[in-house]
Amino acid sequence: MVRSHNPFELPLKIIGYIILILVTFMMVIPFVWMVSTSLRPQSTAFTYPPQLIPTEITFASYELLFTRVPFGRYFINTLVVTVFTVLGQLVITSLAAYGFARLKFMGRDLLFVLYLATMMIPYQVTLIPLFLIVFGLGWINTYQGLIIPGISSVFGIFLLRQSFLGVPSDYQDAARIDGANEFTIYWRIFLPLNGPALATLAVFAFMGTWTDLLWPLLVARTPEMRTLELGLAYFNASATAFRQTNWPLVMAAAVVVMLPVLVIYFFAQRYFIQGIALSGVKS
Amino acid sequence: MATANRTQAGVDHYVPAKQSLWKRFWSRSNERVGYLFILPSLIHLIIFVIIPLVFSLYLSFTDWRGPNFQNAPFVGLDNYEFLLGDRRYWNAMRNTAWYTILSVPGGMIASLIVALVMNQKLRGVYIFRTLFFMPVISSWVAVSVIWITLLDPNAGILNYVLRQFGIPPVNWLGDPATAMPSIVLISIWKGLGFQMVIWLAGLQAIPQELHEAAAIDGATRLQSFLRITLPLLAPTTFFLAVTGVIGSFQVFSPVYVITQGGPRGSTEVVVYNIYQRAFEVFDMGYAAAQAWVLFGVIFLATLVQLWYRRRQGEEVLF
């Protein structure tokens, strides 16, 4: 190795670590601040200088969050919407991906190009008519209004199609000779063989739905239908409107919104980063 | 077995030309299965994407007010004409451009520096990667409320740190001059991990031998970076720039949560303007026209990207 003889190697490494540690501070302090503020009693929220580590710890804010504000309800709403959206996307996009990757039919490639072309449309363009359609269907302030527009995704079809294309065609042919129909091949061979791609898509759909703000903002009309993200936005707005922001309470709400995503992230990190990198390379 | 033979032997010439197109198509059971597989997604696409798209174009030519299907006179190009003179819209466009100019290069440079360090094969790098990626997966609303407190002029951490260096407190989100840069700062913070991962993928595609050869020829690290790394990163740079511009023109959540367009309209961006027009004053026809103009800007960026990828010899859509 030529590089190890470089006399600048060691100082460069040290500079590297210094940069990384500085960036780590910038990245992590806001999260530490969020958690520590949420554990603080209301009286010490505004101490100066600001304390990163609270001297006094209380869970009062969390208690308040689930008793005085319907955050439990928001949580259930978000869970329902996310679970059904993710399941819907997995089913609908994997079916379509199998069709596009492994079946022949008239107009298939043209149709696929049409699908891909819709990815170029920014969501703002279709947002207003989408709202009017959901309104016309009578789905405002309902779960189906929150869920159904999101149960398919062209990006997901694209992602799974790429993965399905990588399965050797021998598997498909062998199953056909054994008399398996296409659905059986899809269900018994393609889904089990493409676990990582399906996981990546599930993680993507989960993240996108759990943290979506704009669509719930339009569809949920009453507090009972709000999602966590929307609940937090309203909560923050009403808290600042009266100029007496209860920081520990708002931060506790932020923790509740973020915790499930962070927990899943730490366990399924691979799929998050893979998915992001993939969307970057291919989109 | 007959079906198997048919699919293999060039389907188009098999069926006698006399049959109608419909019969020809329906007689192939294999094809019917194909349509069944894509049917759910196609129905979804038609109802929730294609129809809204056409509907949106129509809306932009009407004076549609209110969510009900009543009283929507066709006004031709009036909305677009009004838009040309709409100072609020162009203020929002200018703010969005300002946001883009600050956040895209800023984010790219910051994340490139971090990616270059991470690419040095330091120990424990994956721990840093995990941490840097946390903001990427966090929700915009949660991130926004955290930063509202961090940037608080009196009790916020940032002003506290600055005060240690003798810098007087800044009213970050309350001053029209600093509100947009603050939102840019938050966006860069949130997107750093994403851009870093993309940079890293680009960096790792560069063969190590090139740097070694350059070192043997006596090139310094800086020369090696400028002459080898940067040129070979061009596709990545281009990708991040274009997607960054597209994303920046669509910024909404931080503005909605943190500043609501204020102070004094200094953070009012295009999508926030569209949102207010459509869903706060229910001026939906005009808002649709605004959205189409935004689409035009974004489409330009997309075309540039397609052109570049074609030039690179890649197979692109059209």
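Residues numbered from 1 in each chain as written. Chains lettered and ligands numbered in written order. Predicted model: local features only at pLDDT ≥ 70, side-chain atom pairs only at ≥ 80, totals over all residues.

Colleague: Quick question: what am I supposed to make of the overall build of chain B here?
Modeller: Along the backbone of chain B there are 15 helices and zero strands. Of all 318 residues assigned to chain B, the portion counted as buried reaches 37%. (Helix = DSSP H or I, 4+ residues; strand = E, 2+ residues; numbered from the N terminus. Buried ≥ 20, exposed ≤ 12 C-beta atoms within 10 Å, placed from the backbone.)

Colleague: Would you mind showing me how to read the overall build of chain A here?
Modeller: Counting its regular elements, chain A contains 14 helices and zero strands. Seen in sequence order, chain A has helices and strands lined up from the N terminus as α-α-α-α-α-α-α-α-α-α-α-α-α-α. Going through the 283 residues of chain A one by one, you find that 42% of them count as buried. Restricting the contact set of chain A to residue pairs at least 6 apart, pairs at least 24 apart contribute 74%. (Contact = placed C-beta atoms within 7 Å.)

Colleague: It is not clear to me how the domain arrangement of chain A should be interpreted in this structure. Could you clarify?
Modeller: Accessible area lost when the parts come together is the quantity often used to give the size of an interface. Residues and elements named next belong to chain A. Assigned domains of chain A: these are domain 1 (3–58) and domain 2 (64–282). Look at where the C-alpha atoms of domain 1 and domain 2 centre, and you get two points 33 Å apart. Taken together, the contact pairs seven residues of domain 1 with seven residues of domain 2. (Domains from an automatic or database assignment.)

Colleague: Could you clarify how one ought to interpret the packing of helix H5 (residues 87–118) of chain B against helix H12 (residues 234–248) of chain B in this entry?
Modeller: For any two helices packed against each other, the geometry comes down to the angle between their axes and how far apart the axes lie. Residues and elements named next belong to chain B. H12 packs onto H5 with a crossing angle of 145° between their chain directions and a minimal axis gap of 10 Å. The two elements H5 and H12 meet at a crossing, and its hand is right-handed. Contact with H5, carried on its side by Tyr-99, Thr-100, Ser-103, Val-104, Gly-107 and Met-108, involves Leu-240, Ala-241, Gly-244, Val-245 and Ser-248 of H12 and no other residues of that element. Classifying every residue of the contact of H5 with H12 gives six nonpolar, five polar and no charged. (Axes fitted to C-alpha atoms, helices over the stretch in contact; angles between N-to-C directions. Left-handed = near helix turned anticlockwise from the far one by under 90°. Nonpolar A, V, L, I, M, F, W, Y, C, P; charged D, E, K, R; others polar.)

Colleague: Any chance you could explain unusual backbone geometry here in plain terms?
Modeller: Leave glycine aside and you will find that most residues have negative phi; peptide bonds, for their part, are mostly trans. The backbone of Asn-141 of chain A shows a phi angle near 65°, a positive value even though the residue is not glycine. In this fold, Asn-141 of chain A is placed in the loop between helix H5 (123–136) and helix H6 (143–147). Accessibility expressed as a C-beta count within 10 Å gives 13 for Asn-141 of chain A, which makes it partly exposed. In this structure, Gln-260 of chain B is a non-glycine residue whose phi angle is positive, near 50°. Mapped onto the elements of the fold, Gln-260 of chain B is located in the loop between helix H13 (253–259) and helix H14 (270–279). With 14 C-beta atoms packed within 10 Å, Gln-260 of chain B lands in the partly exposed category.

Colleague: Could you clarify how one ought to interpret the confidence of the model for chain B in this entry?
Modeller: Detailed reading of predicted coordinates is not advised where the pLDDT is low. All names here are of chain B. When the pLDDT values of chain B are averaged, the result is 85; 87% of them are 70 or greater. Per-element confidence in chain B is highest for H5, whose mean pLDDT is 94, and lowest for helix H1 (residues 2–8), whose mean pLDDT is 45. Here residues 1–11 is a poorly scored stretch, pLDDT under 50, and it has eight contacts once near neighbours within four places are set aside; other chains count. This prediction of the complex comes with two scores: 0.85 for pTM and 0.87 for ipTM. (pLDDT = per-residue confidence, 0-100.)

Colleague: Can you walk me through the interface of chain A and chain B in this structure?
Modeller: At the interface, 79 residues of chain A touch 76 residues of chain B. Counting only elements with at least two residues in the side of chain A that touches chain B, the list comes to helix H1 (9–38), helix H3 (71–102), helix H4 (108–118), H5, helix H11 (214–219), helix H12 (228–241), helix H13 (247–267) and helix H14 (269–282) of chain A. In terms of residues, the side of chain A that touches chain B owes the most to one element, H1 of chain A, which gives 15 residues. Taken together, the residues that form the side of chain A that touches chain B break down as 60 nonpolar, 13 polar and six charged.

Colleague: It is not clear to me how helix H15 (residues 284–311) of chain B should be interpreted in this structure. Could you clarify?
Modeller: Three or four residues apart is the spacing at which side chains of an α-helix point the same way, because the helix has 3.6 residues per turn. In a regular helix each residue adds 1.5 Å, so 28 residues correspond to 40 Å; H15 of chain B covers 40 Å between its end C-alpha atoms and thus fits that length. Every buried residue belonging to H15 of chain B is among Met-284, Gly-285, Tyr-286, Ala-287, Ala-288, Ala-289, Gln-290, Ala-291, Leu-294, Phe-295, Ile-298 and Gln-305 of chain B, and all of these are buried. (Expected span 1.5 Å × (residues − 1).)

Colleague: Is there a simple way to think about helix H9 (residues 176–204) of chain B in this case?
Modeller: Taking 1.5 Å per residue as the helical rise, H9 of chain B with its 29 residues ought to reach 42 Å, and the 42 Å between its terminal C-alpha atoms agrees with that figure. At Gly-191 of chain B, H9 of chain B shows its largest kink, close to 45°. (Bend = angle between axes of the 7 residues up to and from the residue.)

Colleague: Would you take a moment to explain the nonpolar core for this structure?
Modeller: In globular proteins that are soluble, nonpolar side chains generally tend to be buried together. Ile-128, Leu-232, Ala-253 and Ala-254 of chain A are the most contacted members of the largest nonpolar core, which totals 151 residues. With near-sequence residues (within four places) excluded, Ala-253 of chain A lies in contact with Leu-65, Phe-71, Leu-232 and Phe-235 of chain A. (Core = buried A, V, L, I, M, F, W, Y, C linked by C-beta atoms within 7 Å.)

Colleague: Please clarify how the environment of Tyr-265 of chain A should be interpreted in this entry.
Modeller: Note on placement: Tyr-265 of chain A falls in helix H13. Along the backbone, Tyr-265 of chain A and Met-207 of chain A are 58 residues apart, and their C-alpha atoms lie at a distance of 9.5 Å. When residues no more than four places from it in sequence are discounted, the contact partners of Tyr-265 of chain A are Phe-272 of chain A together with Ile-137 of chain B.

Colleague: Would you take a moment to explain the domain arrangement of chain B for this structure?
Modeller: Residue and element names in this part refer to chain B. Assigned domains within chain B: domain 1 (16–79) and domain 2 (83–311). Taking the mean C-alpha position of each, domain 1 and domain 2 sit 35 Å from one another. Taken together, the 12 residues of domain 1 in the interface contact 10 residues of domain 2. Of the residues forming the side of domain 1 that touches domain 2, the biggest block, three residues, is contributed by helix H3 (residues 29–59). When grouped by side-chain class, the residues that make up the side of domain 1 that touches domain 2 number five nonpolar, five polar and two charged.

Colleague: Quick question: what am I supposed to make of the packing of H4 of chain A against helix H7 (residues 154–165) of chain A here?
Modeller: Residues and elements named next belong to chain A. Closest axis-to-axis distance for the H4/H7 pair is 9 Å, and the angle between their directions is 130°. Compared by their axis directions, H4 and H7 come out oblique. The hand of the H4/H7 crossing is left-handed. Counted together, Tyr-115, Leu-116 and Thr-118 of H4 and Val-154, Ile-157 and Phe-158 of H7 form the full contact between these two elements. (Parallel < 35°, antiparallel > 145°, perpendicular 65-115°, else oblique.)

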